[in-house]
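Residue-level structural notes
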Amino acid sequence: METIIGAGLSAFVIYAASKWSKNDKEKIQHTFQNIGYTVGDHEPKLFKKHKSDTYTLYSYHVPYGLIDDDKLNVLEKTLNKPVSVSFAKGKLHIKVYKNNLPRRLKYNWQPTNDWTIPIGQNHSKTMLHSFDEIPHMTIAGMTRHGKTALLKLIFSHLIHSHPDDAEFYIIDLKGGLEFSKYEKLKQVKQVASDVSEAQDTILDVLKSIEGDYTYFRQNGYTNILDTNISKRKFIIVDEGAQLVPPSHLDKDEKKPYKYCQYALSEIARISGALGYRLIFATQYPTSDTLPREIKQNADAKITFRLPTEVASRVAIDEQGAEDIEQVGRAIYRSTHKETLQVPYVSDNEILERLSDYVSTTGAQTGERRTNTIEIG
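Residues numbered from 1 in each chain as written. Predicted model: local features only at pLDDT ≥ 70, side-chain atom pairs only at ≥ 80, totals over all residues. Heavy atoms only, no water.

With an unreviewed UniProt entry as reference, the chain is termed Cell division protein FtsK, source organism Lentibacillus kapialis.

What follows is the structure, given as structure tokens:
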């Protein structure tokens, strides 16, 4: 008798636990109620559930009046699983992933045929960014969280994939410490290490743009994508905050700083169709350190960890970067938002891989050059 009762009690406990333990679908629905993601008594209604090898997608009809809401970020902690939320045409889509992102990712040196770069691994695939589809990019992130490492990944991948067609003008406002070691590569036209050298470099870029405009007009070109020109010219700015003039300087001393910000904004506005690609990075994005025209014309935005929600909203127009903890973890936003782990490549590996491109007549820090158009 005791055996029968004991077995019956065990079966009841198992049955009750299965009833009381909510699945992900039920937890999501209860979360809508608990955070007030409703309109009156109406809440999102599930209309489709799709399972893949890497995630489960829940799609909801949403009552009129509800929009994408940052409060939904709580779902990741509620489910204790990686979650991505998207909102389109009145439909809410919630992906619940099976696995976490890798904590460290090594760059594999696989070249690409077009002007794409591998910017990181999301929960299901390698994410690629195309500089021909989206010419300009901003990158934000606190020191030692991956911002400069991503710049070097972009730089080395483009040279490795397009050694004869990639050109670089680098404004390294960390005193040249990060990029001066690459100034002898044939693809590097100039490396500027302070504001004065940055002004000279930007002037050379503007001369090159002017020459390209003339060539395009003479040939009836409107966009480099419709021509046989194979070259692309990249302007990398590492630590754009250094272009904000210190308050103690007088009016004349501030002029080079303001010129650099103004000219880089013009480059972002006018040069994409000519084949120029601006990559502007800063540690702490504000309206001063990330000029508005650069941000508006850079449809690709990447951020690593930032100290505040305000900084995150400046960088990617929404919160989230303040919650990033893992080094190398970033949010990539273009037409939609992705959280990913950025591959890491070391200086020693870059120098070894790109050693064939060292030139005895390579760029010198702050060197002025005469730019010409090169046709592929």
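On to the sheet that holds strand 2 (residues 55-61), then. Two strands in a sheet stick together by hydrogen bonds in their backbones, pointing the same way (parallel) or opposite ways (antiparallel). With antiparallel pairing, four strands are arranged side by side in an open sheet as 1-2-4-3. Across the chains shown, the open sheet's two edge strands, defined by having one partner strand only, are strand 1 (45-51) and strand 3 (83-88). Here the average twist between neighbouring strands, direction ignored, is 20°. As defined by bridge partners, strand 2 adjoins strand 4 (residues 91-97) across seven bridges and the pair is classed as antiparallel. By the bridge assignment, threonine 56 is partnered in strand 4 with valine 96. (Pairing = 2+ DSSP bridges. Helix = DSSP H or I, 4+ residues; strand = E, 2+ residues; numbered from the N terminus. Axes fitted to C-alpha atoms, helices over the stretch in contact; angles between N-to-C directions.)

A few words on the UniProt feature "binding site: ATP" (unreviewed entry) in the chain. Look at the UniProt record and you will see "binding site: ATP" (unreviewed entry) annotated at Gly141, Met142, Thr143, Arg144, His145, Gly146, Lys147 and Thr148. For methionine 142, a relative accessible area of 27% translates into the label partly exposed. With respect to the helices and strands, the residue arginine 144 is situated in the loop between strand 7 (137-140) and helix 4 (147-161). Judged by its relative accessible area of 72%, arginine 144 falls in the exposed class. (UniProt positions renumbered as here; feature names shortened; annotations may be inferred. Buried < 20%, exposed > 50% of the residue type's maximum accessible area, 1.4 Å probe, protein only.)

Once that is clear, we can look at helix 6 (residues 251-270). Taking 1.5 Å per residue as the helical rise, helix 6 with its 20 residues ought to reach 28 Å, and the 28 Å between its terminal C-alpha atoms agrees with that figure. Where helix 6 bends most, at tyrosine 257, the angle is about 25°. Turning to helix 6, its buried residues number three or more, namely Tyr257, Cys260, Gln261, Ala263, Leu264, Ser265, Glu266, Ile267 and Ala268. Where helix 6 is buried, its residues touch helix 5 (195-219), strand 10 (232-238), strand 11 (276-282) and helix 7 (292-297). (Expected span 1.5 Å × (residues − 1). Bend = angle between axes of the 7 residues up to and from the residue. Contact = heavy atoms within 4.5 Å.)

Residue position: aspartate 172 is located in strand 8 (residues 166-172). Among buried Asp, Glu, Lys and Arg side chains, aspartate 172 stands out as unpaired, with lysine 174 the closest opposite charge at 6.4 Å. Within the structure, aspartate 172 has its side chain in polar contact with the backbone nitrogen of glutamate 178 (distance 2.9 Å). When near neighbours in sequence (up to four residues on either side) are disregarded, aspartate 172 contacts Leu177, Glu178, Phe179, Ser180, Ala192, Ser193 and Asp238. (Lys, Arg positive; Asp, Glu negative; His and termini not counted. Salt bridge = Lys/Arg side-chain N within 4 Å of Asp/Glu carboxyl O. Polar contact = N/O pair within 3.5 Å; in protein donor to acceptor, adjacent residues only side chain to side chain.)

Moving on, we come to the packing of aromatic side chains. One pass over the full model with this rule turns up 13 aromatic pairs. With centroids separated by 5.6 Å and ring planes inclined at 40°, the aromatic side chains of phenylalanine 32 and tyrosine 37 adopt a geometry described as tilted. Look at phenylalanine 32 and you get buried, because its relative accessible area is 0%. A network of ring pairs unites the aromatic residues Trp115, Phe131, Phe155, Phe168, Phe179, Tyr182 and Phe234 as a single cluster. The ring of tyrosine 55 has lysine 95 sitting right over it, with the charged end atom 4.4 Å from the ring centre. (Phe/Tyr/Trp six-rings, centres within 6.5 Å; stacked < 30°, edge-to-face > 60°. Lys NZ or Arg CZ within 6 Å of the ring centre and 35° of its normal.)

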